[in-house]
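Report on the structure
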Amino acid sequence: MKKIALITGASSGIGKEFALQISKCYQKLDEIWLIARRKERLIQVEEEISIPIKIIESDLTKQEEIQSIKELLYKEQPQIRFLVNCAGFGKVGEVTRMKEEEQLDMIRLNCIALTFLSKECIKYMKSGSHIVNMGSIASFFPVLHFAVYAATKAYVLSFSRALRSEIKRRGISVTTVCPGPVNTDFFHIAEKTGYQAWYKDCFLAQPQKVVEKALDDIKKGRELSIYRGEIRTLRVFAKLFPHRFILWGMEWIENFSKRKNQNNL
Ligand SMILES: NC(=O)c1ccc[n+]([C@@H]2O[C@H](COP(=O)([O-])OP(=O)(O)OC[C@H]3O[C@@H](n4cnc5c(N)ncnc54)[C@H](OP(=O)(O)O)[C@@H]3O)[C@@H](O)[C@H]2O)c1
């Protein structure tokens, strides 16, 4: 039985970094399955990895494409040592002004695909296997003008925590990775709406560091992986203060920076 790691969102950013670092740290894997829409980017990732790769070109917002992955798993019957649910995106903007289809795709990819892949992959896991789900600092509080995205990440955290408790007796661990802003293509895509995310440059982390910390936390069996002390402090802040207060603070900062920009014109 082949031992594999299955990584979604492996064509760029944090998912690509997981593929590179897992291939170095877990050389006993027989194969790594890389999933994303951009095949040419996955081929580039394959060239950097010495373990055999299976490239799966798939749009995970489409239920029939998730179904094909299920069928492939059934056909190949691998032993999954790692599932990394990293595919995800966010769009900034006001809920009422955003395109409905983009909002639905955020939910389909960040929540539905992650849920179904987790459920399906557990069938092929043994004691010592790991599920890694990408949350965000936005998992801990609502975010002004990032409402749908933050809600999807709150779902990821809640789902992953409960799943962890359900399957821990089988020796399978679930870790939710909750970074602050990371230097990837994420905000280029998020800001295509024309809205600017003022917080994107606050505590900007490199994907290599986020993944190094995540792999260390996974080895230690931790429930959460949060890179950087400042982001951990923000989480404590979100536990101590009512969320309406946090939203009020975000409104205040946004209005303040708008006024500052107008005065500079
Ligand atoms: N960067 C940040 O500031 C940050 C912070 C906290 C959490 N996160 C989370 O980290 C994860 C990775 O994001 P990133 O920062 O690495 O951004 P990224 O570089 O844009 O990577 C996103 C990945 O998701 C894949 N993807 C997007 N839509 C897809 C679809 N419909 N079907 C299949 N794959 C799809 C992309 O591949 P294709 O385009 O080739 O399909 C890409 O590989 C996301 O879940 C994100 O929410 C990011």
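Criteria and thresholds
Residues numbered from 1 in each chain as written. Predicted model: local features only at pLDDT ≥ 70, side-chain atom pairs only at ≥ 80, totals over all residues. Heavy atoms only, no water. Helix = DSSP H or I, 4+ residues; strand = E, 2+ residues; numbered from the N terminus. Rg over C-alpha atoms; globule rule 2.2 N^0.38 Å. Buried < 20%, exposed > 50% of the residue type's maximum accessible area, 1.4 Å probe, protein only. Contact = heavy atoms within 4.5 Å. Areas by Shrake-Rupley, 256 points an atom, 1.4 Å probe, with all protein chains shown as cover. Near = heavy atom within 4 Å. Polar contact = N/O pair within 3.5 Å; in protein donor to acceptor, adjacent residues only side chain to side chain. Nonpolar A, V, L, I, M, F, W, Y, C, P; charged D, E, K, R; others polar. Axes fitted to C-alpha atoms, helices over the stretch in contact; angles between N-to-C directions. Parallel < 35°, antiparallel > 145°, perpendicular 65-115°, else oblique. Left-handed = near helix turned anticlockwise from the far one by under 90°. Patch = residues over 30% accessible without salt bridge, like charges linked within 9 Å, V, L, I, M, F, W, Y side chains within 5 Å. Salt bridge = Lys/Arg side-chain N within 4 Å of Asp/Glu carboxyl O. Pairing = 2+ DSSP bridges.

Here we look at the overall build of the protein chain
- Helices and strands together make up the secondary structure of the protein chain, namely 9 helices and 7 strands.
- The C-alpha radius of gyration computed for the protein chain amounts to 19 Å, which stays within 12% of the reference 18 Å derived for 265 residues, consistent with globular compactness.
- Its C-alpha atoms give the protein chain principal-axis dimensions of roughly 65 × 35 × 30 Å.
- Across the 265 residues of the protein chain, 51% fall into the buried class.
- The long-range share in the protein chain, meaning contacts at least 24 apart out of those at least 6 apart in sequence, stands at 70%.
- A total accessible area of about 13500 Å² is found for the protein chain, and carbon and sulfur atoms account for 53% of it.

Quick notes on the site of the ligand
- Contacts to the ligand come from 31 residues, most closely from Ile14, Arg37, Tyr149, Val182 and Thr184.
- A distance of 2.8 Å is found between an oxygen atom of the ligand and a side-chain nitrogen or oxygen belonging to Ser12.
- Taking Lys153, its side chain carries an N or O atom lying 3.0 Å from an oxygen atom of the ligand.
- Contact with the protein chains covers 96% of the free accessible surface of the ligand, which is 870 Å².
- Elements supplying a minimum of two residues to the shell around the ligand: α1 (13–25), α5 (147–167) and α6 (186–190).
- Per element, the largest residue contribution to the shell around the ligand is 3 residues, and it comes from α6.
- Across the shell around the ligand, the residue classes tally to 15 nonpolar, 11 polar and 5 charged.

Some words on the packing of α1 against helix α7 (residues 207–219)
- The interhelical angle for the contact between α1 and α7, taken along N-to-C directions, is 50°, at an axis separation of 9 Å. Overall, the two elements α1 and α7 adopt an arrangement that is oblique. For α1 against α7, the interelement crossing comes out right-handed. Residues Gly13, Ile14, Glu17, Phe18, Gln21, Ile22 and Cys25 of α1 lie in contact with α7, whose contacting residues are Pro207, Gln208, Val211, Glu212, Ala214, Leu215 and Ile218.
- Residues belonging to the contact of α1 with α7 are distributed by class as follows: 9 nonpolar, 3 polar and 2 charged.

Some points on a nonpolar patch on the surface
- Together, Trp198, Val236, Phe237, Leu240, Phe241, Phe245, Trp248, Trp252, Ile253 and Phe256 line one region of the surface with nonpolar side chains, adding up to about 990 Å² of accessible area.
- Mapped by element, the contributors of at least two residues to the nonpolar patch are α8 (229–240) and α9 (243–264).
- In this fold, Phe245 is placed in helix α9.
- A relative accessible area of 38% means that Phe245 is categorised as partly exposed.

Brief notes about the sheet that holds strand β2 (residues 31–36)
- Read from one edge to the other, the open sheet built from 7 strands follows the order β3-β2-β1-β4-β5-β6-β7, with strand pairing classed as parallel. Each having just a single partner strand, β3 (53–57) and β7 (224–225) make up the two edges of the open sheet.
- Seen against the sheet, helix α2 (residues 39–47) touches β2 and β3 and runs at an angle of roughly 170° to β3.
- On top of the sheet, helix α4 (residues 100–122) reaches β1 (3–8), β4 (79–85) and β5 (130–134); it is set at about 170° to β4, its chief contact.

Topic: the side chain of Ser139
- Among the secondary structure elements, Ser139 is positioned in the loop between β5 and α5.
- For Ser139, the side chain forms a polar contact with the main-chain oxygen of Lys153, separated by 2.9 Å.
- Setting aside anything within four residues of it in sequence, one finds Ser139 in contact with Lys153, Ala154, Leu157 and Cys178.

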